[in-house]
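What follows is each chain in one-letter form.
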Amino acid sequence: MASCPPKSKFKITSNERLKELKEKFEAKFGESPLFYACGPGRVNLIGEHIDYCGYSVLPMAIEQSILAAVSVNNSGMIQLANTNPQYQDFKVSCSEEIIIDRENPKWYFYFLCGVKGIQEKFGITHLAGMSCVVDGTIPPSSGLSSSSALVCCSGLLTMEANQKSLSKVALAEICAKSERYIGTEGGGMDQSISFLAEEGTAKLIEFQPLRATDVRLPEGAVFVISNCCVEMNKAASSHYNIRVVECRIATKMLALSKGLDPSRMLKLSQVQTELKASLDEMLVLVDEVLHPDPYSREEICKVLGITSEQFCTELLSANTQNVTHFKLYQRAKHVYGEAARVLKFQCVCDAGSAESLQLLGELMNQSHASCRDLYECSCAELDQLVDVCLKSGAIGCRLTGAGWGGCAVSMVPSEKAEGFLKAVREAYYMSDPRRASMEKQSLFVTKPGGGAAVLLEE
Ligand code: ADP
Ligand code: NG1
């Protein structure tokens, strides 16, 4: 029997965050919460922008999370409030169709993605009425997956409130699919680790079928997250979906060059599987078939033998309709190279040799260079921060998450951790008043945390 998310009991006096949330809930709704649900954020150690190409990634959950207090009632409404006044209250009738406005990605639409995923899975026509107060500690739009933590938390609490049961894998798949209602064509890494994480271990996440394997991180090093303090909201911009589209077009170009039916090929990993080729061979194929100059729409349509209408409806997403040029060579090079680095990272962790730290650090550095130069998903501040981290004693450092802002993850020898934090604080944060004001929640050591759970007060 596939495992379900855990339900654990807690004493309200032993947890300050839950205690405060309970008080806020009671003040807001005049009743006590029935239960709580939490979904963790995550840091991806390696394997960036390859989940939506079908390749494995290597994240771990972090301590920061979305936590919600929930009551189930006869109001016939879903009522939402947030402990952060920046996120306004919202309510919707349980009998209304759930509509997610991707033009206007407000916080409650992420919540509704989770609700809608569960509603569709079970064909629920009348959802249970519920009131929720949401509290988040994950810096938003910073590559630590605050959006998916919210979607996973809401999917889990909706399942619980409607007395349904699903395995962690099923929940991860439902939430990965339903978060796409917000408009971002994500690959599923974030929702998978949010449900499948276990304390003390990073995970290799494989797709189709979805599964998670423990990856024991090397002893003698700590992982440090640092935020460059530039936010990038995925759903409110098109950077992310442009990359998804570029990978989709590259897939079809490579497939066609080898006599495969491009209409059946959606992900770069599928081409590799069909050709029974190694990742190194795929890198050679990219060199042979694709050119480094950006492709125009006309060139793509001509090569693939499709009309401009087919191009817009079958290849582009709603928010990429106006893109005129596509860098297929660079994106495919990154994806196949990064997929290979993930597998090497896992092998080095498994082998646990004396050179492990050095080898892992090199892989992380190569990953950042590839994200920066080939995938172009870094930004000046993030590159500066990575530089500062390396100069401050990190063996390896790379951007984590979608990029274009947000966080870097560094691997630092344990004995150097204190000096590292001090040096980064001084060089990156204290030099700028805005960064200095955000330093406390922007620079911290992290350990592999547990997955999404339902919490009940004892
Ligand atoms: P991330 O990389 O953190 O997933 P996104 O830009 O995809 O970043 O999503 C960030 C969005 O998630 C925010 O704009 C907000 O709508 C939602 N969000 C994040 N944290 C919270 C929170 N604590 N409460 C409500 N909504 C949140
Ligand atoms: P962030 O923006 O860090 O939550 C996004 C995607 C992931 C993955 C990474 C890049 C969503 C929900 N998340 O993560 O699936 O593609 O970018 O590796 O779209």
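See the structure above.
Colleague: Could you clarify how one ought to interpret the overall build of the protein chain in this entry?
Modeller: When helices and strands are counted, the protein chain shows 15 helices and 15 strands. For the protein chain, the C-alpha atoms occupy an extent of roughly 65 × 55 × 45 Å along the three principal directions. Classification of the 458 residues of the protein chain by burial places 59% in the buried group. Here the analysis covers contacts within the protein chain between residues at least 6 apart in sequence; of these, 73% occur between residues at least 24 apart. Here the protein chain has roughly 19100 Å² of accessible surface; of this, 50% comes from carbon and sulfur atoms. On the protein chain, the mean spot of the 46 positive side-chain charges and the mean spot of the 54 negative ones are 2 Å from each other.

Colleague: Explain the site of ligand 2 here, please?
Modeller: Close to ligand 2 lie 20 residues; Glu-48, His-49, Asp-51, Asp-190 and Tyr-240 are nearest. In this structure, an oxygen atom belonging to ligand 2 sits 2.7 Å away from a main-chain N or O atom of His-49. Taken by itself ligand 2 offers 440 Å² of open surface, and the protein chains cover 97% of this. Of the residues assigned to the shell around ligand 2, the class counts are 4 nonpolar, 10 polar and 6 charged.

Colleague: Explain the side chain of Ser-65 to me, please; I cannot follow it from the model alone.
Modeller: Residue placement: Ser-65 occurs in strand S3 (residues 58-73). Residue Ser-65 is classed as buried on the basis of its relative accessible area, which comes to 7%.

Colleague: Where do I start with the site of ligand 1 in this structure?
Modeller: The local shell around ligand 1 holds 17 residues, among which Asn-82, Ser-141, Ser-146, Ser-147 and Lys-234 are the closest. Ser-141 is positioned such that a nitrogen or oxygen atom in its side chain is 2.8 Å from an oxygen atom of ligand 1. One nitrogen or oxygen atom from the side chain of Ser-146 is found 2.6 Å from an oxygen atom belonging to ligand 1. Of all the elements in the fold, those that place two or more residues in the shell around ligand 1 are helix H2 (107-122) and helix H3 (146-161). The dominant element in the shell around ligand 1, judged by the number of residues it contributes, is H3, at 3 residues. Partitioning the shell around ligand 1 into residue classes produces 7 nonpolar, 9 polar and 1 charged.

Colleague: Any chance you could explain H3 here in plain terms?
Modeller: Along an α-helix, a turn takes 3.6 residues, which lines up residues three or four apart on a common side. For H3, built from 16 residues, the straight-helix expectation of 22 Å at 1.5 Å per residue is met to within 8% by its first-to-last C-alpha distance of 22 Å. Burial analysis of H3 places 16 of its 16 residues in the buried class, which makes it a mostly covered element. Immediately downstream of H3, the backbone of Gln-163 shows phi near 55°, a positive value.

Reading the values: the criteria
Here the residue numbering is sequential within each chain, running from 1 through the sequence in written order. Starting at A for chains and at 1 for ligands, labels are handed out in the order in which the entities are written. Only residues with pLDDT of at least 70 are given local features in this predicted model, and only at 80 or more are side-chain atom pairs given and counted; all residues enter the totals for whole chains, interfaces and linings. Values shown for side chains rest on all heavy atoms present in the structure; no hydrogens or waters enter the calculation. Put simply, DSSP H or I for four residues or longer makes a helix, DSSP E for two residues or longer makes a strand, and each gets a number counted from the N terminus. We call a residue buried when its accessible area falls under 20% of the maximum for its residue type, exposed when it is over 50%, and partly exposed in between, using a 1.4 Å probe and counting protein chains only. Whether two residues touch is decided by their heavy atoms; if any such pair falls within 4.5 Å, the residues are in contact. Each accessible area is a Shrake-Rupley result for a 1.4 Å probe, and residues are judged covered by the shown protein chains and nothing else. Charged residues are defined narrowly, with Lys and Arg counted positive, Asp and Glu counted negative, and His plus the chain ends left uncounted. Each charge is placed at NZ for Lys, CZ for Arg, CG for Asp and CD for Glu. What makes a residue near a molecule or strand is one non-hydrogen atom of that residue sitting within 4 Å of it. Polar contact criterion, stated in full: a pair of N or O atoms within 3.5 Å, where within protein one must be able to donate a hydrogen and the other to accept it, and residues adjacent in sequence count only if both atoms are side-chain atoms. Gly counts as polar in this scheme, as do all residues outside two lists: the nonpolar Ala, Val, Leu, Ile, Met, Phe, Trp, Tyr, Cys and Pro, and the charged Asp, Glu, Lys and Arg. In this analysis, the expected span of each helix is defined as 1.5 Å times one less than the number of residues it contains.

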